[in-house]
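Here is what each chain is made of, one letter per residue.
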Amino acid sequence: MCDKHSNNPGDASMRKFIQQTALAGAGLIMANPLSLFAGENAANGAFVGNIKSRGYAAKDASGILSLWEFERRPVGDNDILIEIKFASICHSDIHQLKGDWGKQQYPQVPGHEIAGIVAAVGRNVTKFKIGDRAGIGCMVSSCMKCESCKHGEEQNCENNATVYTYGNPESGSPTGITQGGYANNIVVNEHFAIRIPENISLEEAAPLMCAGVTTYSPLMRANFNRGDKVGIAGIGGLGHMAVKLAVSKGADVYAFTTSPDKVNDIKGFGAKEVIVVDDIAKLKPYRHKLDYMVSTIPAQYDIESYATVVKRGGFYTQLGMPVGQQLSLNVFAFARTGVNYNNSLIGGIPETQEVVNYCADKKIAPKIEVIKASQINDSWAKVANKQARYRYVIDTATI
């Protein structure tokens, strides 16, 4: 019999084989099972337990993140474990973790633009296998029973059971809440994972999980025609993707920005015209000129004036979420514009898969800057100060 403390490489290989076989018998197949478990507790002859993880977390509402080691829930029958390779920074991460949208539970790891490789699958998983490229967006669960969920609009779950990727109560979570993608791994139900095609890089795919689908969804619903005049207000992480997507569908895009140094970039994205709104009067020449407008501005602004650039009877979609999730609107002034106002919230899982495939096929990629984990806090400050060009993507190998 072999000594369990033997240094013989053959003995180590045998122990690894036995563990992998036990995992398979329990319905859990893993790429590299050793050292992933927080506790290798025998149950029905298999090793089970929480998954060790490390990431950058906010410990309070200061907006400062630091390294944190924690545990994720075990991989269930319908779950996959993703080894995260890249996670991009969304302005929403900053708003939520600073408490701009309500009181938060800490520590909390943000991040809902996630791309990586499947490292383990549960016994019932059919959508993925080990080694597949997979992404996670803004949500990781919903009731899956209501009409919205059954029709691929899980973000609009009628039973209010949508669970977002970080900061939401999660059954079985050792931390009590979901923890996001500024980390080295994540466990998720296979339904909420997106297949990433081989013809797009993981780092470019990551921002599509939120910025991509959040802008793609309303643009597709608008059903505009080739040559229609489409306005995009606020050209940051979301806005620059909106420009690229609208241009790809044949729109004449009019981009509205308060940053003069972005003009050349925006023209490079394909915009027909770029308007620098350093004075609200700059909007007057465009009065009732556009067929449709999308605003990604995440702050209080003169929405009534911006709405006047849309033709009477046209539509104005607000995507940006300001502090407090409240946007002041003069009802009478807006009514005089004759414009239809609406909001849009991310997109469902089928639509997220659709935009990822579309961007991969059409070679539409976000403009990104890959950063190290040590640069996260500095990058957050740049995002808040409108200095990002246009999506920071964290290389999670540096965590």
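What counts as what
Residues numbered from 1 in each chain as written. Predicted model: local features only at pLDDT ≥ 70, side-chain atom pairs only at ≥ 80, totals over all residues. Heavy atoms only, no water. Pairing = 2+ DSSP bridges. Helix = DSSP H or I, 4+ residues; strand = E, 2+ residues; numbered from the N terminus. Axes fitted to C-alpha atoms, helices over the stretch in contact; angles between N-to-C directions. Contact = heavy atoms within 4.5 Å. Phe/Tyr/Trp six-rings, centres within 6.5 Å; stacked < 30°, edge-to-face > 60°. Buried < 20%, exposed > 50% of the residue type's maximum accessible area, 1.4 Å probe, protein only. Parallel < 35°, antiparallel > 145°, perpendicular 65-115°, else oblique. Left-handed = near helix turned anticlockwise from the far one by under 90°. Nonpolar A, V, L, I, M, F, W, Y, C, P; charged D, E, K, R; others polar. Right-handed = clockwise from strand over helix to strand, strands pointing away. Core = buried A, V, L, I, M, F, W, Y, C linked by side-chain atoms within 4.5 Å. Domains from an automatic or database assignment. Salt bridge = Lys/Arg side-chain N within 4 Å of Asp/Glu carboxyl O. pLDDT = per-residue confidence, 0-100.

The subject of this paragraph is the sheet that holds strand 14 (residues 252–257). One open sheet accounts for six strands, arranged 15-14-13-16-17-18; its pairing is parallel. Here the strands that pair on one side only, and so sit at the sheet edges, are strand 15 (273–276) and strand 18 (340–343). Looking at each pair of strands side by side, their axes are set apart by 20 degrees on average, direction ignored. Its contacts with the sheet put helix 5 (residues 211–222) on strand 13 (229–233), strand 16 (290–295), strand 17 (310–318) and strand 18, and the angle it makes with strand 16 is roughly 160 degrees.

Turning next to the side chain of Glu 351. Mapped onto the elements of the fold, Glu 351 is located in helix 10 (residues 349–362). With residues near it in sequence (within four places) discarded, Glu 351 still touches Val 213, Tyr 216 and Ser 217.

A few words on the packing of aromatic side chains. For the structure shown, the criterion picks out 10 aromatic pairs. The interplanar angle of 65 degrees and the centroid separation of 6.3 Å between the aromatic rings of Tyr 254 and Tyr 286 together place this pair among those described as edge-to-face. Note that Tyr 254 is positioned in strand 14 and Tyr 286 in the loop between strand 15 and strand 16, a separation of 32 residues in sequence. Classification of Tyr 254 as buried rests on a relative accessible area of 2%. Taking the centre distance of 6.4 Å and the plane angle of 90 degrees together, the rings of Tyr 316 and Phe 334 count as edge-to-face. Taken together, the residues Tyr 316 in strand 17 and Phe 334 in helix 9 (residues 331–337) connect sequence positions 18 residues apart. Pair check on accessibility: Tyr 316 and Phe 334 agree, each one buried. Ring pairing ties together the aromatic residues Tyr 254, Phe 256, Tyr 286, Tyr 301 and Tyr 306, which thus form one cluster.

Moving on to the packing of helix 5 against helix 6 (residues 237–248). Between helix 5 and helix 6, whose axes approach to 9 Å, the crossing angle comes to 50 degrees. Regarding the angle of helix 5 to helix 6, the classification is oblique. In this structure, helix 5 meets helix 6 at a crossing whose hand is right-handed. Seen from helix 5, the contacting residues are Ala 211, Gly 212, Thr 214, Thr 215, Tyr 216 and Leu 219; seen from helix 6, they are Gly 237, Leu 238, Met 241, Ala 242, Leu 245 and Ala 246. Among the residues forming the contact of helix 5 with helix 6, the class breakdown is eight nonpolar, four polar and no charged.

Glancing now at the pairing of strand 14. Buried residues dominate strand 14, accounting for five of its six residues. Sheet topology places strand 13 next to strand 14; five bridges connect them, and they run parallel. When the sheet's bridge partners are listed, Val 230 is paired in strand 14 with Val 253. Note on the crossover from strand 13 through helix 6 to strand 14: the handedness is right-handed.

This part is about the nonpolar core. As a rule of thumb, soluble globular proteins bury nonpolar side chains together. Formed by 66 residues in total, the largest nonpolar core has its most connected members in Ile 80 and Leu 219. No fewer than three residues from each of domain 1 (48–210 + 365–398) and domain 2 (212–343) sit in this core. Ignoring any residue separated from it by four or fewer positions in sequence, one finds Ile 80 in contact with Val 75, Val 118, Ala 120, Val 121, Val 125, Phe 128, Ile 186, Val 187, Val 188, Glu 190 and Ala 193. Counting 23 residues, the second largest nonpolar core, distinct from the first, contains Ala 58, Leu 97, Ala 183 and Trp 380.

We now examine the pattern of salt bridges. By the definition in use, this model includes 13 salt bridges. Salt-bridge contacts for Arg 389 lead to Asp 261; the nearest nitrogen and oxygen are separated by 2.8 Å. Taken as a pair, Arg 389 in the loop between helix 11 (376–384) and strand 20 (391–395) and Asp 261 in the loop between strand 14 and helix 7 (263–268) lie far apart in primary sequence, 128 residues in all. Under the relative-accessibility criterion, Arg 389 is labelled partly exposed at 22%. Put simply, Arg 73, Asp 79 and Glu 170 are held in one network by salt bridges that share partners.

Here we come to the confidence of the model for the chain. Low-pLDDT portions of the prediction should not be read for the details of their coordinates. The share of residues in the chain with pLDDT of 70 or more is 88%, and the mean pLDDT across the chain is 91. Within the model, the stretch residues 1–7 combines pLDDT values under 50 with four contacts to residues more than four positions away or in other chains. Contacts for the low-pLDDT stretch residues 39–47, under 50 throughout, to residues beyond four places or in other chains number 18 contacts.

Residue Pro 107 follows Tyr 106 across a cis peptide bond; omega there is -5 degrees. Within the element layout of this structure, Pro 107 appears in the loop between helix 2 (91–97) and strand 7 (114–121). In this chain, Arg 389 is followed by Tyr 390 through a cis amide linkage whose omega measures 0 degrees. Within the element layout of this structure, Tyr 390 appears in the loop between helix 11 and strand 20. Even without glycine at this site, Met 144 takes up a positive phi of about 60 degrees. Residue position: Met 144 is located in the loop between strand 9 (139–141) and helix 3 (147–150). Of the residues examined, Met 144 reaches a relative accessible area of 33% and is grouped as partly exposed. The phi dihedral of His 288 is positive, around 55 degrees, even though this residue is not glycine. Note that His 288 resides in the loop between strand 15 and strand 16. Using a relative accessible area of 22% as the deciding quantity, one classes His 288 as partly exposed.

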